[in-house]
Amino acid sequence: MKNPVLAKAIQHFKNRSDAEMMSIEVPEWDTTIYYKHIGTFQDQSKVMQLHQAGKVVEALVETIITKARTKDGKKMFQPAERLFLLTECDPEVLVKIATALNTTVDSTYDVEETAKN
């Protein structure tokens, strides 16, 4: 890569995103959801767009689709399953999961504030 600063920025992100996966137990579903506390802007852009449009419920479900992983790191849910999550799953459980997935975001960085700018 020709740009040494960009190379360092990419390496920094890679180091942070290679961190060990965390997990949340979901007894209602008899499962464990794995996730990393960091994601790309590309992954987060849909969530941010939904928040900006006032579609908080859809943003919570998008967070789950984007971040929830199996133990081996594969996505637990596919975008085509969004409607099932929105219409056929317990909202309290979804809120609990989305909250846990979002709580571990670096507290020095305010995604909501960035989305406003």
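Thresholds applied
- Residues numbered from 1 in each chain as written.
- Predicted model: local features only at pLDDT ≥ 70, side-chain atom pairs only at ≥ 80, totals over all residues.
- Heavy atoms only, no water.
- Helix = DSSP H or I, 4+ residues; strand = E, 2+ residues; numbered from the N terminus.
- Contact = heavy atoms within 4.5 Å.
- Salt bridge = Lys/Arg side-chain N within 4 Å of Asp/Glu carboxyl O.
- Buried < 20%, exposed > 50% of the residue type's maximum accessible area, 1.4 Å probe, protein only.
- Axes fitted to C-alpha atoms, helices over the stretch in contact; angles between N-to-C directions.
- Parallel < 35°, antiparallel > 145°, perpendicular 65-115°, else oblique.
- Left-handed = near helix turned anticlockwise from the far one by under 90°.
- Nonpolar A, V, L, I, M, F, W, Y, C, P; charged D, E, K, R; others polar.
- Phe/Tyr/Trp six-rings, centres within 6.5 Å; stacked < 30°, edge-to-face > 60°.
- Core = buried A, V, L, I, M, F, W, Y, C linked by side-chain atoms within 4.5 Å.

Visitor: Any chance you could break down the environment of L50 for me, citing the residues and the numbers?
Guide: Within the element layout of this structure, L50 appears in helix α2 (residues 41-52). For the pair L50 and E62, spaced twelve residues apart in sequence, the C-alpha to C-alpha distance is 8.6 Å. Beyond its immediate sequence surroundings of up to four residues, L50 is in contact with K55, E58, A59 and E62.

Visitor: Account for the pattern of salt bridges, with residues named and values stated.
Guide: One pass over the structure, following the stated rule, counts two salt bridges. For the salt bridge of K96 with E28, the shortest nitrogen-to-oxygen distance reads 2.9 Å. Of this pair, K96 sits in helix α5 (residues 91-103) while E28 sits in the loop between β1 (22-26) and β2 (31-35), placing them 68 residues apart in sequence. Given a relative accessible area of 31%, K96 falls into the partly exposed group. On the accessibility criterion, E28 (46% relative accessible area) is partly exposed. Put simply, E62 and R82 hold a salt bridge, and the shortest N to O gap is 2.6 Å.

Visitor: Give me the packing of helix α3 (residues 56-67) against α5: which residues, what numbers.
Guide: The geometry of α3 relative to α5 is characterised by a closest axis approach of 9 Å and an angle of 60 degrees between their N-to-C directions. On the basis of the axis angle, α3 is oblique to α5. Remark: the crossing between α3 and α5 carries left-handed chirality. Side by side, α3 and α5 meet where L60, V61, T63, I64 and K67 of the first sit next to L94, V95, I97, A98, L101 and N102 of the second. Taken together, the residues of the contact of α3 with α5 break down into eight nonpolar, two polar and one charged.

Visitor: Pulling in residues and values, what's your account of the packing of aromatic side chains?
Guide: A full pass over the atoms with the stated rule returns one aromatic pair. Between W29 and F77, the ring centres sit 6.2 Å apart and the planes meet at 75 degrees, which makes this aromatic pair edge-to-face. Of the two residues, W29 is situated in the loop between β1 and β2 and F77 in the loop between α3 and α4 (82-88); the sequence distance between them amounts to 48 residues. Its relative accessible area of 14% is what places F77 among the buried residues.

Visitor: Requested: an account of the nonpolar core, with residues and values cited.
Guide: Residues I33, I64, F77, L85, I97 and L101 are the most contacted members of the largest nonpolar core, which totals 16 residues. Elements with a minimum of two residues in this core: β1, β2, α3 and α5. Here this core gets six residues from one element, more than from any other, and that element is α5. Beyond its immediate chain neighbours, meaning those up to four positions away, F77 contacts W29, I64, I65, A68 and L85.

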